[in-house]
Amino acid sequence: MAPVAKKALGDYEYDLVVIGGGSGGLACAKEAVQLGAKVSVLDFVTPSPQGTKWGLGGTCVNVGCIPKKLMHHASLLGEAINDARAYGWQLPETVSHSWEQLREAVQSHIKSVNWVTRVELRDKQVEYVNGQGYFVDSHTVKAVMKGGVERTLKAANIVVAVGGRPKYPDIPGAVEYGITSDDIFSLEKPPGKTLVVGAGCILWFFITTIFILRENIGLECAGFLKGLGYDATVMVRSVVLRGFDQQMADIITKDMQHRGVKFLFKCLPKSVEKQNDGKFLVHWADATSSEQNSDIFDTVLFAVGRRPLTPELKVNAAGLHTVPESGKILAVGEKTNVPNIYAVGDVLHEKPELTPVAVQAGKLLAQRIFNKAKLEMDYENVATTVFTPMEYATVGLSEESAVGRHGEDGIEVYHAYYKPTEFFIPQKSVESCYIKVICLRREPQKVIGMHFIGPNAGEVIQGYAAAVKSGLTMEILQNTVGIHPTISEEFTRIFITKRSGLDPHPQNYPEYLNLFLGEKNIFYS
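So, how was this worked out
- Residues numbered from 1 in each chain as written.
- Predicted model: local features only at pLDDT ≥ 70, side-chain atom pairs only at ≥ 80, totals over all residues.
- Heavy atoms only, no water.
- Phe/Tyr/Trp six-rings, centres within 6.5 Å; stacked < 30°, edge-to-face > 60°.
- Helix = DSSP H or I, 4+ residues; strand = E, 2+ residues; numbered from the N terminus.
- Buried < 20%, exposed > 50% of the residue type's maximum accessible area, 1.4 Å probe, protein only.
- UniProt positions renumbered as here; feature names shortened; annotations may be inferred.
- Polar contact = N/O pair within 3.5 Å; in protein donor to acceptor, adjacent residues only side chain to side chain.

S.K.: Explain the packing of aromatic side chains to me, please; I cannot follow it from the model alone.
M.R.: Here a ring pair, both rings aromatic, is described through the centre-centre distance and the interplanar angle of the planes. For the structure shown, the criterion picks out ten aromatic pairs. Relative to Phe224, the ring of Phe185 has its centre 6.1 Å away and its plane inclined at 35 degrees; by these criteria the two rings are tilted. Taken together, the residues Phe185 in the loop between helix H5 (174–177) and strand E8 (194–197) and Phe224 in helix H6 (residues 217–227) connect sequence positions 39 residues apart. Assessed through its relative accessible area of 1%, Phe185 is described here as buried. Considering the side-chain rings of Phe452 and Phe491, the 5.9 Å spacing of their centres and the 45 degrees angle between planes classify their relative orientation as tilted. One end of the pair, Phe452, is in strand E23 (residues 447–453); the other, Phe491, is in helix H13 (residues 490–493), with 39 residues separating them in the sequence. Comparing Phe452 with Phe491, the two get one shared label, buried. Ring pairing ties together the aromatic residues Tyr418, Phe452, Tyr464 and Phe491, which thus form one cluster.

S.K.: Before we go on, may I ask you to explain the UniProt feature "domain: Pyridine nucleotide-disulphide oxidoreductase dimerisation" (unreviewed entry) in the chain in this structure?
M.R.: This chain's UniProt record puts "domain: Pyridine nucleotide-disulphide oxidoreductase dimerisation" (unreviewed entry) on residues 382–492. As annotated, residues 382–492 comprises 26% helix and 26% strand, and the C-alpha atoms at either end are separated by 21 Å.

S.K.: Please explain H6 as it appears in this structure.
M.R.: Because the α-helix completes a turn every 3.6 residues, residues three or four places apart line up on one side. Of all eleven residues making up H6, nine are buried, and the element is well covered by its neighbours. Looking at H6, one finds that the buried residues are Ile217, Gly218, Leu219, Glu220, Cys221, Ala222, Gly223, Phe224 and Leu225. One or two residues past the end of H6 sits Gly229, with phi positive at roughly 105 degrees.

S.K.: Can you walk me through the UniProt feature "active site" (unreviewed entry) in the chain in this structure?
M.R.: With numbering matched to this structure, UniProt assigns "active site" (unreviewed entry) to His484. Its location among the elements puts His484 in the loop between helix H12 (474–478) and H13. Taking the relative accessible area as the measure of exposure, His484 reaches 63% and is therefore exposed. A distance of 2.7 Å separates the side chain of His484 from the side chain of Glu489, its partner in a polar contact.

Listed below in structure tokens is the structure:
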């Protein structure tokens, strides 16, 4: 079907101007033009302190989810090579990996996505402006383009989707010599011995769900770097994956340690100094004893949080309300305090910093603005995955959060260790293969949290996330016939509760299963 010619509302040049060409902003823009709106998207990438820049598409495509998953997969392939020998594959004693080849392949894919995105905007008649936007007033935005040329755009509606950028700690040498997730995926030379500073994750707690913010990138980077053959050390200020279920976080930490990733717990970086040979001397202090330590690294990667790009927007000129501590935009749903200005994605206060969330919110917002739709974004029970070597995926509440809201006597926690069929022949450790289901204790035992550590965790939890949103109960889960042999079926076989005190390791299942079938009450009491 031929594109519909667009005509702006009233006295404005555009029906909608979107500031930010990431996942959420692009989704909103493309949905809006399908509804007949005249739309312009502004996008501009300020180079990182190390000079890294990228194309249209935002954090996820360029320096987030996509390159991270590709490098994670590359590291898993190295592990699979070792497993292959046990399955009869005749391979050389040693195999090598080329960082340069991986980087080039990843960057080539990213550039292809950048190009496809630009073509798609052109085909849909979304105007793309490669300029950094800022507010003049609530209906006027200026775009600063290359060479300092400015262009003014007036719009009936404006959507802020600028996302954020990584923070640096306020210590000597951090900005000058450190890198962040903005840089790691395009490093020209192999990272070598790497210190990753930061392994936490901030969560915002609400009535029925948890909001996860993107700070686990450091742990994921340490995991794939070690898998690719590099020395990796993680410096943690407080706890690993702070805010996630801490039992699961502890299992992930121990698994990474078993794989050779080093951890410096309760430590704070103090300075980074460049040496004559190009390496970096890092000084740090023990947060509990104040003991001073130092070591030499080839690369120092900071993963200590992200800041929203609201200062660059000059939000005060439009009268937008932001949170003083974080700079994030206050909104009810996606509607700000200014009637014609909206926001989606990472820039929003107390909303999950996850790409699919921004995409869904952007689409629904466009429908409400231009199609008089009523459906709001549902931010509850959003599933997520941490792509560590042994992946961890979750939907719903952590055990700590569930206890905090319902009390220990108000919940039941089912759990189990399991052994993937693929692990038997190579005799791989299963100490980290663990699942947990948290439900309300009272009948019908509604499921309020599911946690999975194991291969392809995200693929497993994605389907269960739909079930949790639909009101999944333990009876339904246990009456579901699993697909055999799969790791996902372990959720349908789960029957041991923590309250029972029984050993959840699989070698005890035959004995327990007979009891379960005969006297189910001992497992639920």
